[in-house]
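Chain by chain, the residues:
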Amino acid sequence: MSDWLEPHVIASAPGRVNLIGEHIDFSQGFVLPFAIADRTTAKLRKRSDDHIRIRSVQRPDAVVSTSLSELKPLGSGDWERYVLGVIWSLKIDEGVDIEIDGRVPLGAGLSSSAALECAVAVGLNQLFDLNLNKKELALLTQKAENDYVGVPCGIMDQSVSLMAESGSALLLDCRDLTTTLIPFDLAASDLELLVIDTQVHHALVDGGYAERRGNCESAAQKMGVVSMRDLSSQHLHESKDLLTDHEFLRARHAVTEIARVATAVELLKAKDFVELGRIITASHNSLRDDYEVSCPELNCAVDTALAHGALGARMVGGGFGGSAIALVARDHIAAMQSAIARAFDSAGFTTPRFFTSLPSDGARVELDHSAI
Ligand code: GLA
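Keep in mind that what you see is a predicted model, and the values were worked out from it rather than measured.

**Q** In this structure, what is going on with the overall build of the protein chain? I would like to understand it.
**A** When helices and strands are tallied, the protein chain shows 10 helices and 12 strands. Taking 372 residues into account, the globule formula puts the C-alpha radius of gyration at 21 Å, and the protein chain, at 21 Å, falls close to it. Each principal axis of the C-alpha atoms in the protein chain carries an extent, and together these give about 60 × 50 × 40 Å. Looking at the protein chain as a whole, 56% of its 372 residues qualify as buried.

**Q** Just checking my understanding: could you explain helix α10 (residues 333-347) for this structure?
**A** Its 15 residues give α10 an end-to-end C-alpha distance of 21 Å, which sits within 8% of 21 Å, the value for a rise of 1.5 Å per residue. Residues of α10 that are buried include every one of Ile333, Met336, Ala339, Ile340, Ala343 and Phe344, and no others. Along α10, the residues classed as buried sweep out an arc of 135 degrees about the axis, all on the same side. Exposed side chains of α10 directed beyond 90 degrees from the buried face belong to Ala334, Ala335, Arg342, Asp345 and Ser346. On its buried side, α10 packs onto β8 (191-197), α9 (296-307), β10 (323-329) and β11 (353-356). Phi turns positive one or two residues past the end of α10, at Gly348, with a value near 80 degrees.

**Q** How should I be thinking about the pattern of salt bridges in this particular structure?
**A** Pairs can form between side chains of opposite charge once their charged atoms are near each other. For the structure on display, the rule yields 23 salt bridges. A salt bridge links Asp97 to Arg47; the shortest N-O distance between them is 2.9 Å. Taken together, the positions of Asp97 in strand β5 (residues 96-102) and Arg47 in the loop between β2 (30-46) and β3 (51-56) put the pair 50 residues apart, joining distant regions of the chain. We classify Asp97 as buried; its relative accessible area is 6%. In this structure, the salt-bridge partner of Asp190 is Arg330, at a minimum N-O distance of 2.8 Å. One end of the pair, Asp190, is in the loop between β7 (178-183) and β8; the other, Arg330, is in the loop between β10 and α10, with 140 residues separating them in the sequence. When its relative accessible area of 36% is taken as the criterion, Arg330 is described as partly exposed.

**Q** Looking at this structure, I do not really get the site of the ligand. What am I missing?
**A** Not every one of the 13 residues close to the ligand is listed here, only the nearest: Glu22, His23, Asp25, Asp157 and Tyr209. With respect to the ligand, the side chain of Asp25 contributes an N or O atom lying 2.5 Å from an oxygen atom. With respect to the ligand, the backbone of Gly318 contributes an N or O atom lying 3.4 Å from an oxygen atom. Taken by itself the ligand offers 300 Å² of open surface, and the protein chains cover 97% of this. For the shell around the ligand, the residue count by class is five nonpolar, four polar and four charged. Each of domain 1 (9-182 + 360-368) and domain 2 (184-356) gives at least three residues to the shell around the ligand.

**Q** Help me understand the packing of helix α2 (residues 112-127) against helix α3 (residues 134-149), please; the structure alone is not making it clear to me.
**A** How two helices sit against one another is set out by the angle between their axes and by the gap between those axes. Viewed as axis vectors pointing N to C, α2 and α3 meet at an angle of 125 degrees, and their least axial separation amounts to 10 Å. Relative to α3, α2 is oriented oblique. As α2 runs across α3, the sense of the crossing is right-handed. Residues Ser113, Glu117, Cys118, Ala121, Val122 and Asn125 of α2 form the contact with α3, whose participating residues are Leu137, Thr141 and Glu145. When its residues are assigned to classes, the contact of α2 with α3 shows four nonpolar, three polar and two charged.

**Q** Would you mind going over helix α4 (residues 156-163) with me for this structure?
**A** An α-helical turn contains 3.6 residues, so a residue and the one three or four places further along point in the same direction. Across the eight residues of α4, eight count as buried, placing the element largely inside the fold. Each element contacted by the buried residues of α4 is listed here: β1 (9-20), β2, α2, α3, β6 (168-173) and β7.

**Q** What should I look at first to understand the UniProt feature "domain: GHMP kinase N-terminal" (unreviewed entry) in the protein chain in this one?
**A** In the numbering used here, UniProt assigns the "domain: GHMP kinase N-terminal" (unreviewed entry) feature to residues 82-163. Structurally, residues 82-163 is divided into 59% helix and 9% strand, and its ends, taken at the C-alpha atoms, are 19 Å apart.

**Q** I tried to follow the nonpolar core on my own but got confused; where do I start?
**A** Side chains of nonpolar character tend, in soluble globular proteins, to be buried together. Counting residues in each nonpolar core, the largest one holds 120 residues, and the members touching the most others are Leu32, Ile87 and Leu124. Here this core takes 10 residues from helix α7 (residues 245-269), the largest share from any one element. Two domains share this core, each providing at least three of its residues, namely domain 1 (9-182 + 360-368) and domain 2 (184-356). Sequence-distant contacts of Ile87, defined by excluding residues within four places in its chain, comprise Ile52, Leu68, Leu71, Ile92, Val96, Ile98 and Leu124.

What counts as what
- Residues numbered from 1 in each chain as written.
- Predicted model: local features only at pLDDT ≥ 70, side-chain atom pairs only at ≥ 80, totals over all residues.
- Heavy atoms only, no water.
- Helix = DSSP H or I, 4+ residues; strand = E, 2+ residues; numbered from the N terminus.
- Rg over C-alpha atoms; globule rule 2.2 N^0.38 Å.
- Buried < 20%, exposed > 50% of the residue type's maximum accessible area, 1.4 Å probe, protein only.
- Expected span 1.5 Å × (residues − 1).
- Arc of directions from axis to C-beta.
- Contact = heavy atoms within 4.5 Å.
- Salt bridge = Lys/Arg side-chain N within 4 Å of Asp/Glu carboxyl O.
- Near = heavy atom within 4 Å.
- Polar contact = N/O pair within 3.5 Å; in protein donor to acceptor, adjacent residues only side chain to side chain.
- Areas by Shrake-Rupley, 256 points an atom, 1.4 Å probe, with all protein chains shown as cover.
- Nonpolar A, V, L, I, M, F, W, Y, C, P; charged D, E, K, R; others polar.
- Domains from an automatic or database assignment.
- Axes fitted to C-alpha atoms, helices over the stretch in contact; angles between N-to-C directions.
- Parallel < 35°, antiparallel > 145°, perpendicular 65-115°, else oblique.
- Left-handed = near helix turned anticlockwise from the far one by under 90°.
- UniProt positions renumbered as here; feature names shortened; annotations may be inferred.
- Core = buried A, V, L, I, M, F, W, Y, C linked by side-chain atoms within 4.5 Å.

Shown next, in the form of structure tokens:
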């Protein structure tokens, strides 16, 4: 904040990887994500007028300047809409300067937008003494993304960015946002989770996400259940004639994925990583064949990882690009990265990026001078 004054509050929030439980957060399902070590930091300072200034360390020349009265949902703009949306959804009524340092890789399906929203929300909560708890912050950041930015996302990304703890995956019940920490210590078993960023950029606003969400909602309505959470496999198969082909396939993914999460939790507790790998791969197959949100690059990453000894692999996040994960013996990581890079090269795909990350802490206040 060189030409800006010193911040009153600094807050940070991480991106996430979802171990399993994909495209079921909006169906009131269970998901099992964890926070990654990459974080976004927000430095905040109160102003004495009703202006809002936002800038980012990554784009120092572009300062966004507006005022509280100009906040308008679904307006035009760029990444700053995620920040403005949170100011709007938290009903902030005093001016503020915010500087962002975004270190979660963009467009990689690692939830850089949730990290941004949650860092800002936790910072504003502290700066203005709002006393909102993490569950309330999760709902308000989701509201910012849904109603201000216009992206119809579920509740998973914001919840894990806020509620995660290091060393554990977070079992989140998306119906009431209750959480259980499931110890997730791969290193002790000489394993790592390799994240393969296909560099194919996806945007949830593009329509495929909303369309599938709509399929699940209309299928639930036709079968007389509130959501996929209340649907059994038997009920689904008995109702097949009521549904369109798409509705049936999307619903079959949701029902089987919710069951896979429950199984994965038990396998993680039992440290049965071989079987866990199998379940992770089954999730990919369901996302590829029933939910139809994979793409050639994600399938190439998964197939190559499995062909080179991964215990399991799958696409993560919204799909149509972004990242895949592979559960891999630590000694095999380097060879696996080369094999995947080679496979991408021969297929003519953009060179992928690789990350590994241990389960890390959720959002936190890093500095608090708000009382000064
Ligand atoms: C995106 C959304 C989440 C979730 C995943 C798919 O990341 O933001 O709410 O629906 O896709 O599991």
